[in-house]
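# Inside the fold
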Amino acid sequence: MIYAPKEGFGRTARIQSMEDYQFLYRKSLERPEEFWGEMAQALTWFHPPETVLDADTDQVDFSWFGGGRLNACYNAVDRHVKENPRKPAIIWAKNEPGQYELITWRDLKHNVGRVANVLKAHGVKKGDRVCIYLPMVPELAYTMLACARIGAVHSVVFAGFSADSLRERILDSGAQVLVTANEGPRGAKRVRTKAISDEAVEGLSQVRSVLVVRRTEADVPMKAGRDWWLDQEMSKHRGTCPVEWMAAEDPLFILYTSGSTGKPKGVMHTTGGYLVYAVTTHRYVFDLQPDDVHFCTADMGWITGHTYLLYGPLANGTTTVLFESIPTYPDAGRLWQVVDDVKATVLFTAPTALRALLREGDAYVKKSSRKSLRLLASAGEPINPEVWRWYHDVVGEGRCPVVDNWWQTETGGVLIAPMPGATPCKPGSATLPFFGVEPVLVDDEGRVLEGNGVSGNLCIARTWPGQARTLWGNHQRFIETYYSRFPRLYFTGDGCRRDEDGYYWITGRVDDVLNVSGHRLGTAEVESALVAHESVAEAAVVGFPHELKGTGVCAFVTLKPEFLDASTEQMMGALKEQVRHVIGPIATPDQVRIVSGLPKTRSGKILRRMLRKIACGETQDLGDTSTLAEPSVLDELLTQQSQMQ
Ligand code: WTA
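Source: prediction; values computed, not measured. (Residues numbered from 1 in each chain as written. Predicted model: local features only at pLDDT ≥ 70, side-chain atom pairs only at ≥ 80, totals over all residues. Heavy atoms only, no water.)

### Observations regarding the overall build of the protein chain
- The number of helices and strands found in the protein chain is 20 helices and 30 strands.
- Computed over C-alpha atoms, the radius of gyration of the protein chain comes to 24 Å, within 12% of the 26 Å expected from 2.2 N^0.38 for 645 residues, which places it in the range of a compact globule.
- The dimensions of the protein chain, computed from C-alpha atoms along their principal axes, are 75 × 65 × 55 Å.
- Taken across its 645 residues, the protein chain has 61% of its residues classed as buried.
- Positive and negative side-chain charges of the protein chain, numbering 71 and 78 respectively, have mean locations separated by a distance of 5 Å. (Helix = DSSP H or I, 4+ residues; strand = E, 2+ residues; numbered from the N terminus. Rg over C-alpha atoms; globule rule 2.2 N^0.38 Å. Buried < 20%, exposed > 50% of the residue type's maximum accessible area, 1.4 Å probe, protein only. Lys, Arg positive; Asp, Glu negative; His and termini not counted. Charge placed at Lys NZ, Arg CZ, Asp CG, Glu CD.)

Following this line, the structure appears as structure tokens:
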């Protein structure tokens, strides 16, 4: 079924018809420099760009808005203080229901300036990295913007990651300052944020200062000379802090994400290109209107938080909601309650949250009015058509367009999405490319698949301003990861179908990355965590369809001889705990299957394809089993599988 554009929505929409979209899309591909040059004018530049694009695809080196100088914090904060000092910039929805704090543009500037002065007093200079490990508190936004203000590079680490994960990211980025909190309330739990941070920086002389946000009353040990309460430090400084005018290509932030190898990748985004892309996509994909209250439920630890909770809305002068809690606390009506309380006009969430809420029934939704909403958005993983329809029919009461948008940490902003009010939608498809984006499907041999009605590997043929430029300190890895499989094309790692109407349908990852509840997880990372346990000889991790998480984690494990007598129950528990401890709760395997051998080829390569089929319960169709070195291994796996069903 095709959902036609909403009548009436088109009158105020930025893009009113498919003709408008096609006209601008064509222009963006035919005259990209003119198109992006115009889009760049939405920002305030200290010195306007002299060129728009300088691309060297052979060297995988892209440079946008050369000669331009700007500051991301100035664009997100200062220029709106002049126009709208009393307008709320951030509405902080605290963990406990009914508790809100309004932060006006003036408050925001004042607090950002003070944090910037604190960072400077702690020796942070332009180009230095600052690691941020915080719950969803205003200080998180202040610190990111403070870094941008003084030209420091922020590296936000999701506060659900473990001490080991945090430490690895601090080491890779070379950060000398860590900003954290004493505790993080999250639903009914309290995360011991400072304790995790302490473990992460234990013995790391690299980290000079740890600034601690006082989120709760909890007293935590403070190490003299290293740990400082942020509120006390802020009270020493005034709010005025000059901005550092950055070159357009100067780094704005690093954000770590998972890839096919065990080591997380430090994706680097620039000041000019990223910000132009953030404001442009925020304006069109969410059909920005002057009085919008933009409620994006993503955590700041992910790219969605960076682009559509912080930089996009704030740089466009839009009120943004910072949600500290979770959609099911205290019950499944929480998101709708927040929507009503703050009068949100745009709600942007993830399919995993929608699946969990749908399961609780419509009564929670219907208790709220949701009258303020005019647009619903979803990203992070494929949205199941029945979830799309529920979002559209029940949550939006058929009034609001649903904007399923596809993109990645590396793309900085949305690459494929409908134009609300103009694009007819098919539930489950992110529809058509954004301006300036040229998707290409290629087969496994790298042949470009022309025309409609084809499926293949999703690549992007030309650069766009929001594209990540490199992996922190490792450009070679950037080239190998994204530009070696299909030369001169950016490879996304996703499989995709282009249907008869030219609509794009993401079919999921085709590499060793799992998308678990919208969080990217490398199978290799989980395997390394398991193998680090004293009992494990070998581990192979695969994904399987999971009702709530989209993809669940299934680990096949062989044990060392001295652990063969241990109780299976206990071992499973211990191994789940191991992954939780090493990576964080999001990576905890849903299933641990202890086996006496893994299926391998004669050359010793683990047959993951076969394990994937087994985990998915597709045991009828295991493909070619003749390459197995030890066929008996398969019998055991199949027996175990049949016992589970
Ligand atoms: C998946 C999140 C289908 C995809 C913004 C991609 C999606 C990965 C969608 C990136 C969508 C994201 N439909 N799949 N609308 N949005 N994905 O880096 O597999 O956390 O490669 O960025 O999520 O995840 P990341």
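### Side note on the site of the ligand
- If you check the shell around the ligand, you find 16 residues, and the closest are Asp404, Asn405, Thr409, Asp494 and Arg520.
- Within the contact set of the ligand, an oxygen atom lies 2.9 Å away from a side-chain nitrogen or oxygen of Gln408.
- When the free accessible area of the ligand is taken as 530 Å², the share hidden by the protein chains comes to 97%.
- Elements that contribute at least two residues to the shell around the ligand include exactly helix 11 (303-315) and strand 25 (504-509).
- The residue makeup of the shell around the ligand, split by class, is 5 nonpolar, 6 polar and 5 charged. (Near = heavy atom within 4 Å. Polar contact = N/O pair within 3.5 Å; in protein donor to acceptor, adjacent residues only side chain to side chain. Areas by Shrake-Rupley, 256 points an atom, 1.4 Å probe, with all protein chains shown as cover. Nonpolar A, V, L, I, M, F, W, Y, C, P; charged D, E, K, R; others polar.)

### Re the side chain of Thr588
- When you line up the elements, Thr588 lands in the loop between helix 18 (568-582) and strand 30 (591-594).
- In terms of polar contacts, Thr588 uses its side chain to reach the backbone carbonyl oxygen of Pro585, at 2.7 Å.
- For Thr588, the residues in contact, after removing those within four places along its chain, are Lys549, Val553, Lys576, Val579 and Arg580. (Contact = heavy atoms within 4.5 Å.)

### Brief notes about helix 10 (residues 272-285)
- The end-to-end C-alpha distance of helix 10 is 20 Å, a good match for the 20 Å that 14 residues give at a rise of 1.5 Å each.
- Along helix 10, 14 of the 14 residues are buried, which leaves the element largely enclosed by surrounding structure.
- Among the residues trailing helix 10, Asp287 stands out with phi positive, at a value near 45 degrees. (Expected span 1.5 Å × (residues − 1).)

### Quick notes on a negative patch on the surface
- Residues Asp164, Glu168, Glu199 and Glu202 make up a contiguous surface patch of negative charge.
- Here Asp164 shows up in helix 7 (residues 163-173). (Patch = residues over 30% accessible without salt bridge, like charges linked within 9 Å, V, L, I, M, F, W, Y side chains within 5 Å. Salt bridge = Lys/Arg side-chain N within 4 Å of Asp/Glu carboxyl O.)

### Side note on the UniProt feature "domain: AMP-binding enzyme C-terminal" (unreviewed entry) in the protein chain
- Mapped onto the present numbering, the UniProt feature "domain: AMP-binding enzyme C-terminal" (unreviewed entry) falls at residues 525-605.
- The distance separating the terminal C-alpha atoms of residues 525-605 is 18 Å; by composition the span is 27% helix and 31% strand. (UniProt positions renumbered as here; feature names shortened; annotations may be inferred.)

### With respect to the UniProt feature "domain: AMP-dependent synthetase/ligase" (unreviewed entry) in the protein chain
- Here the UniProt-annotated "domain: AMP-dependent synthetase/ligase" (unreviewed entry) positions come out as residues 78-463.
- Split by type, residues 78-463 is 31% helix and 22% strand. Its first and last C-alpha atoms lie 30 Å apart.

### With respect to the pairing of strand 30
- Judged by which residues are buried, strand 30 turns out to be covered on both faces: Gln591 and Arg593 on one side and Val592 and Ile594 on the other are all buried.
- In this sheet, strand 30 lies alongside strand 29 (residues 550-559) in parallel orientation, the contact comprising 4 bridges. Bridge pairing links Cys554 to Gln591 in strand 30.
- Taken together, strand 29, helix 18 and strand 30 form a β-α-β motif whose crossover is right-handed. (Pairing = 2+ DSSP bridges. Right-handed = clockwise from strand over helix to strand, strands pointing away.)

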